[in-house]
Amino acid sequence: MTLRPPLRIAGITELPPSAPGMRIGLFGGSFNPMHEGHLLVMAETLRRLRLDRLFVLVTPGNPLKDNAGLPSLAERVGAARALIGDPRIKVTGFEAARGFTYTWQTIDFLTRTLKDRRFVWIMGADSLADFHRWERWRDIAARVPIAVYVRPGASPRALASRAAAVLDHAQLDEADAPLLAGMAAPAWVYLRGRQSALSSSAIRAGTAAG
Ligand SMILES: Nc1ncnc2c1ncn2[C@@H]1O[C@H](COP(=O)(O)OP(=O)(O)OP(=O)(O)O)[C@@H](O)[C@H]1O
Ligand SMILES: O=C(O)c1ccc[n+]([C@@H]2O[C@H](COP(=O)([O-])O)[C@@H](O)[C@H]2O)c1
């Protein structure tokens, strides 16, 4: 028999509490480290999608990245929590505790176990550009609405991406963003607005401005 690791490990990996009917944004990332650009995306999506909660899903490791040298989950979760002041935002590392590698596994688990929540997957525009390389990306798009937030320099590649083309029929007007969480998938919106040029890689390299 295979034993599943406990869902709660040293207080850092729990799935945050939520209530039926809640509109919950899911913001996955390496967060190595979390920065002001992430905070901007979270503040804007909470407001414009009329979300009740936002779960920050700190990944054990992006399957498309070289994760050598990635700080521990506990370090990244702790640093993210230290930066976030909004009580609606909950940071979790529960994917690692569940043994999930791919986002489709996370979405499958959440939508099956918390059937009465309205989940929205949130990503930056650079992630949409590569979305067609994610494992079972079409299944993700078929299960949860998606909000894509503009990122400096990323819009042309994102909007010309394979995923954007395949999902073209399901794109909402930006003005309808408040409806997204209540819609059946596939549905997605591209959100333009305040932008941050910050990146974790620039912070790690010591080249981040400001
Ligand atoms: N400045 C930003 N503006 C908009 N979206 C962002 C920004 N920074 C990160 N994101 C988005 O946040 C999510 C998590 O990103 P991640 O933790 O990889 O940060 P990153 O700054 O892109 O890291 P790295 O530079 O190491 O690739 C992704 O969906 C990414 O597109
Ligand atoms: O499932 C996949 O194949 C997949 C491929 C690339 C990225 N992701 C997820 O995308 C999110 C953003 O990752 P990152 O490293 O760009 O911050 C994070 O939750 C990853 O697990 C998922």
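Residues numbered from 1 in each chain as written. Chains lettered and ligands numbered in written order. Predicted model: local features only at pLDDT ≥ 70, side-chain atom pairs only at ≥ 80, totals over all residues.

In plain terms, the rule: UniProt positions are given in the numbering used here, feature names are shortened, and annotations may be inferred rather than shown by experiment.
An unreviewed UniProt entry lists the chain under the name Probable nicotinate-nucleotide adenylyltransferase, from Devosia honganensis. Quoted verbatim from the Pathway (unreviewed entry) field of the UniProt record, the comment on the chain reads "Cofactor biosynthesis; NAD(+) biosynthesis; deamido-NAD(+) from nicotinate D-ribonucleotide: step 1/1." Annotation of the chain in UniProt includes, under Function (unreviewed entry), the sentence "Catalyzes the reversible adenylation of nicotinate mononucleotide (NaMN) to nicotinic acid adenine dinucleotide (NaAD)."

1. A few points about the overall build of the chain
Just so we agree on the cut-off: Strands here mean DSSP runs of E at least two residues long; helices mean DSSP runs of H or I at least four residues long; both are numbered from the N terminus. Radius of gyration here is computed from C-alpha atoms only, and the compact-globule reference equals 2.2 Å multiplied by the residue count raised to the power 0.38. Neighbour counting defines burial: a residue surrounded by 20 or more other C-beta atoms within 10 Å of its own C-beta is buried, one with 12 or fewer is exposed, and intermediate counts give partly exposed, using backbone-placed C-beta atoms. Residue pairs are scored as contacts if the distance between their C-beta atoms, which are placed from the backbone, is within 7 Å.
When helices and strands are counted, the chain shows nine helices and six strands. Taken over C-alpha atoms, the radius of gyration comes to 16 Å for the chain, in line with the 17 Å a tight globule of 210 residues would show. Projected onto its principal axes, the C-alpha coordinates of the chain cover approximately 45 × 45 × 30 Å. When the 210 residues of the chain are sorted by exposure, 38% land in the buried category. Long-range pairs, those at least 24 residues apart, make up 77% of the contacts in the chain with a sequence separation of at least 6.

2. Structural notes on the site of ligand 2
Spelled out, the test is: In this analysis a residue is considered near a molecule or strand if the C-beta atom, reconstructed from its backbone, is found within 6 Å of that molecule or strand. Classification convention: Asp, Glu, Lys, Arg as charged; Ala, Val, Leu, Ile, Met, Phe, Trp, Tyr, Cys, Pro as nonpolar; all other residues, Gly among them, as polar.
Around ligand 2, the structure places 14 residues, and the nearest of them are Gly28, Gly29, Asn62, Tyr102 and Trp134. Its residues placed into classes, the shell around ligand 2 shows five nonpolar, seven polar and two charged.

3. A closer look at the UniProt feature "domain: Cytidyltransferase-like" (unreviewed entry) in the chain
Here the UniProt-annotated "domain: Cytidyltransferase-like" (unreviewed entry) positions come out as residues 26–205. Span residues 26–205 is 38% helix and 16% strand, its end C-alpha atoms 28 Å apart.

4. Overview of the site of ligand 1
Taken together, 18 residues form the shell around ligand 1, and within it Gly29, Gly37, Gly124, Ser200 and Ser201 come nearest. If you list the elements that add at least two residues to the shell around ligand 1, you get helix 1 (36–48), strand 4 (118–124), helix 5 (125–130) and helix 9 (200–205). Sorting elements by how many residues they give to the shell around ligand 1 places helix 1 first, with three residues.

5. Details of the pairing of strand 3 (residues 89–92)
Note the following rule: Paired strands are those between which DSSP finds at least two bridges. Viewed with both strands pointing away, a crossover whose connecting path from the first strand over the helix to the second turns clockwise is right-handed.
Both strand 2 (residues 53–58) and strand 3 contribute to a ladder of four bridges, which runs parallel. Among the inter-strand pairings, Val56 is bridged to a residue of strand 3, identified as Val91. For the crossover that starts at strand 2, traverses helix 2 (residues 73–83) and ends in the parallel strand 3, the hand is right-handed.

6. Quick notes on the environment of Val150
Position of Val150 relative to the elements: it lies in the loop between strand 5 (146–149) and helix 7 (155–159). Residues Val150 and Asp126, spaced 24 residues apart in sequence, show a C-alpha to C-alpha distance of 8.3 Å. Excluding residues that lie within four positions of it along the chain, Val150 makes contacts with Ala125, Ser155, Leu191, Arg192, Gly193 and Gln195.

7. Structural notes on helix 1
As a reminder, the rule being used: To estimate how far a helix should extend, the number of its residues minus one is multiplied by 1.5 Å.
Over its 13 residues, helix 1 runs 18 Å from end to end, which matches the ideal 18 Å to within 8%, given 1.5 Å per residue. Residues of helix 1 that are buried sit in contact with strand 1 (23–29), strand 2, strand 3, strand 4, strand 5 and strand 6 (188–191). Backbone geometry just after helix 1 places Arg50 at a positive phi near 55 degrees.

8. Thoughts on helix 4 (residues 103–113)
Defined as follows: Regarding the arc, it is the one traced by the directions from the helix axis to the C-beta atoms.
Every buried residue of helix 4 is accounted for by Thr103, Thr106, Ile107 and Leu110. Viewed along the axis of helix 4, the buried residues span an arc of 95 degrees, placing them on a single side of the element. The exposed set on the far side of helix 4, more than 90 degrees from its buried face, consists of Arg112 and Thr113. Looking at the buried positions of helix 4, the neighbouring elements they touch are strand 1, strand 2, helix 3 (94–98), strand 4 and helix 6 (137–143).

9. Here's the deal with the sheet that holds strand 6
Keep this limit in mind: A fitted line through C-alpha atoms serves as each axis, taken over the contacting stretch for helices, and the angle formed by two N-to-C directions is quoted from 0 to 180°.
Read across the open sheet, the six strands follow the order 3-2-1-4-5-6; overall the sheet is parallel. If you trace the sheet from one side to the other, it starts and ends with strand 3 and strand 6, each paired once. Neighbouring strand axes in the sheet, compared pairwise and without regard to direction, differ in orientation by 25 degrees on average. When strand 1 meets strand 4, the two strands line up parallel, connected through five bridges. What sits directly across from Leu26, in strand 4, is Trp121. Here helix 2 sits on the sheet in contact with strand 2 and strand 3, set at roughly 150 degrees to strand 2.

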